[in-house]
Structure formats: C-alpha cells, structure tokens
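Inside the fold
Below, each chain spelled out in residue letters.
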Amino acid sequence: MTLWQSNLTWNPAALAISAIGALSILAIAMSACAQGPRIEIVGPDGARRVVVSVEIADTAATREYGLMYRKQLDENAGMIFVFKASQHLEFWMKNTVIPLDMIFADSAGKIVGIVRKAVPFSEGIDSIDGDSQYVLEVNGGFCDRHGVKAGDILRFEGFVPRSTD
C-alpha cells in the first residue's frame, strides 16, 4: 500500500495507517519522557528487582546538598549521585532527617557495596571498601525489602549519567 494511488492522488487508507503509526511512536516516546529519569535495578541474571524514580545530583553543589532536610522520600524514589570517575567515595548524614540506604556502583553500574540504614543527622563517615562512580540513595531498608545486593546492576533510563563539573 502506498500513500499515492496510481493516478497520483492521495491514498486515504494508507495515509490514515501512516498517521496512526506515527502518533503511536510519538505517544510511546512522550510516555517514556514523562516518566522522568529512572534507574532499573536488575540481578546478575537480568531479572528486574525494582525501578526507582531519581533526582540527579551531578554537580558539586547538588551532590553536597543531596537529600538534606527532606522529611520524606517516596518508596520507589531516590537520588543518584554522579561523579566524573570512579574513586573512593565518602558520605555523611548531617542534616539528613530520614534513614537512607546508600548503593555504591562502579563505572559500569555494577553495585559494589551498600551502606544500609544510614543514621539520620550522623556526622560519621558512610562508605564502602573500593571505588565507585555512582551512589544511589533510597529510603532506609529499601535494599532489604527489594532484595538489592552487591553484584546487581543499575540501568539508567531516561537520562545519561554525566557529572557536569
């Protein structure tokens, strides 16, 4: 079926089918964008554990402020801290009201360690052994509730993780 009939006039049926197809593709693309940035956490076998809607901390200022002063965080929400390169990262909970799980991942998105239920308002250092490029902060107990563990993978959806400084 072509958009033109043999006598060089529009073929209405083909035009309608083309328009419906184009609108369907546009709707799918808009739906993906409307969901905002997300991280899918999958097991080493590719099985989905959970999807987290994220805010992105990709500058020194946004990483420093993080989730301080937040009184609540939705169950499947979090903040992804993005650094230019893998390095030994240290966090603290100063001015952070809610307990958090901190998920540390390497440059490939592989989870290399987790700090579970970091204590609110603590000025102690929260870290893991080894280097990481990304840290996903979620509600305390999240990893236990969803079976998230070292070796799982973070898949970035709706954004490309890049540090802007």
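Quantities reported herein were computed from a predicted structural model and do not represent experimental measurements.

1. A closer look at the overall build of the chain
Summing up its helical and strand segments, the chain has three helices and nine strands in all. Order of helices (α) and strands (β) in the chain, N terminus to C terminus: α-β-β-α-β-β-β-β-β-β-α-β. The burial tally for the chain puts 39% of its 165 residues in the buried class. Once local pairs closer than 6 in sequence are excluded, the contacts in the chain between residues at least 24 apart make up 68%. Accessible surface, the chain: about 9200 Å² in total, of which carbon and sulfur atoms supply 58%.

2. Brief notes about the nonpolar core
Counting 19 residues, the largest nonpolar core has I39, I41, I80, I103, L136, V148 and L154 as the members making the most contacts within it. Sequence-distant contacts of L154, that is, excluding residues within four places in its chain, are made with I39, E40, I41, I80, A105, G109, I111 and L136.

3. Considerations on the pattern of salt bridges
Throughout the structure, instances matching the rule amount to eight salt bridges. Between R155 and E40 there is a salt bridge; the shortest N-O distance is 3.7 Å. With a gap of 115 residues between them, R155 in strand β9 (residues 153-157) and E40 in strand β1 (residues 38-42) connect regions that are remote in the sequence. Using a relative accessible area of 39% as the deciding quantity, one classes R155 as partly exposed. A relative accessible area of 8% means that E40 is categorised as buried. Taking the shortest distance from any N to any O, the salt bridge between R145 and E75 comes out at 3.1 Å. Highlighted residues: R145 in helix α3 (residues 142-146) and E75 in the loop between α2 (60-65) and β3 (77-87), separated in sequence by 70 residues. Using a relative accessible area of 47% as the deciding quantity, one classes R145 as partly exposed.

Reading the values: rules and limits
- Residues numbered from 1 in each chain as written.
- Predicted model: local features only at pLDDT ≥ 70, side-chain atom pairs only at ≥ 80, totals over all residues.
- Heavy atoms only, no water.
- Helix = DSSP H or I, 4+ residues; strand = E, 2+ residues; numbered from the N terminus.
- Buried < 20%, exposed > 50% of the residue type's maximum accessible area, 1.4 Å probe, protein only.
- Contact = heavy atoms within 4.5 Å.
- Areas by Shrake-Rupley, 256 points an atom, 1.4 Å probe, with all protein chains shown as cover.
- Core = buried A, V, L, I, M, F, W, Y, C linked by side-chain atoms within 4.5 Å.
- Salt bridge = Lys/Arg side-chain N within 4 Å of Asp/Glu carboxyl O.

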